[in-house]
Amino acid sequence: MSLVLDSAAQDLLFREARTANSFSDEPVTEEQVQAIYDLVKFGPTAFNQTPLRITLVRSPEARERLVKHLAEGNQAKTAAAPLVAILSADNEFHEELPALLPHFPQAKDMFFAERPVREQSALLNAALQAAYFIVGVRAAGLAAGPMTGADLAGIQKEFLDADHTPLMIVNIGKPGEDAWFPRSPRLSFDEVVTTV
């Protein structure tokens, strides 16, 4: 085997992991979420920027406000999930760059002075961080149900501000009954990889 990660960890994080569509009622604790973040914050991004923002939706009132913005097929599972996270991109991430990139603090103004440039970079790098977050949820022995089927503009107005762009909603918890759809096909190595 060419991978260093043992087979059980490969299964947990990738081969056996699936998007969960139902969850048990076992709660997801703040400690679990903090452990997930404390692991995935080390994933690489451009200029060490950290535009991902995580809004945990725990209260019944907030959950009700969120669910109304979701596509019909996503509403019931989100209403029942132990924890829901709104993942968004902070378009003002550059303000943190002097602390996050101490050897090159001028990057803040040199590369990210213009809002359109920041928005593009925030979107790409927060999406990378969102992927790390999903893998981190799996590393915690939980299942993730990421979704983009939603009125993201409505979610932005309801929960965020003009400086934060919502990316996705992630249901989090232990899988419930009939949590998985059948595994969908994936492209093969030869269909994806080209050597030049």
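Preceding this section is the structure that the text describes.
We now turn to the structure provided with this report. (Residues numbered from 1 in each chain as written. Predicted model: local features only at pLDDT ≥ 70, side-chain atom pairs only at ≥ 80, totals over all residues. Heavy atoms only, no water.)

Along helix 3 (residues 60–67), the residues classified as buried are Ala 62, Arg 63, Leu 66 and Val 67. Across the axial projection of helix 3, the buried residues extend over an arc of 135°, all falling on one side. The exposed residues of helix 3 that point more than 90 degrees off its buried face are Pro 60, Glu 61 and Glu 64. Summarising the contacts, the buried residues of helix 3 are in contact with strand 1 (52–57), helix 4 (72–80), strand 2 (83–90), helix 8 (152–159) and strand 4 (164–173). (Buried < 20%, exposed > 50% of the residue type's maximum accessible area, 1.4 Å probe, protein only. Helix = DSSP H or I, 4+ residues; strand = E, 2+ residues; numbered from the N terminus. Arc of directions from axis to C-beta. Contact = heavy atoms within 4.5 Å.)

What follows deals with helix 8. Of the residues making up helix 8, those classed as buried are Gly 154, Ile 155 and Phe 159. For helix 8, the buried positions fall inside an angular range of 105° around the axis, keeping them on one side. Buried positions along helix 8 lie against helix 3, strand 2 and strand 4.

Here the focus is the nonpolar core. Of all hydrophobic cores here, the largest spans 24 residues; its most connected members are Leu 87, Val 137 and Ile 172. The set of elements that each furnish at least two residues to this core consists of helix 2 (30–40), strand 2, helix 7 (115–139) and strand 4. For Leu 87, the residues in contact, after removing those within four places along its chain, are Leu 52, Arg 53, Ile 54, Ala 130, Phe 133, Thr 165, Pro 166, Leu 167, Met 168 and Val 170. Counting residues in each nonpolar core, the second largest holds 15 residues, with Leu 66, Ile 86, Ile 155 and Ile 169 among its members. (Core = buried A, V, L, I, M, F, W, Y, C linked by side-chain atoms within 4.5 Å.)

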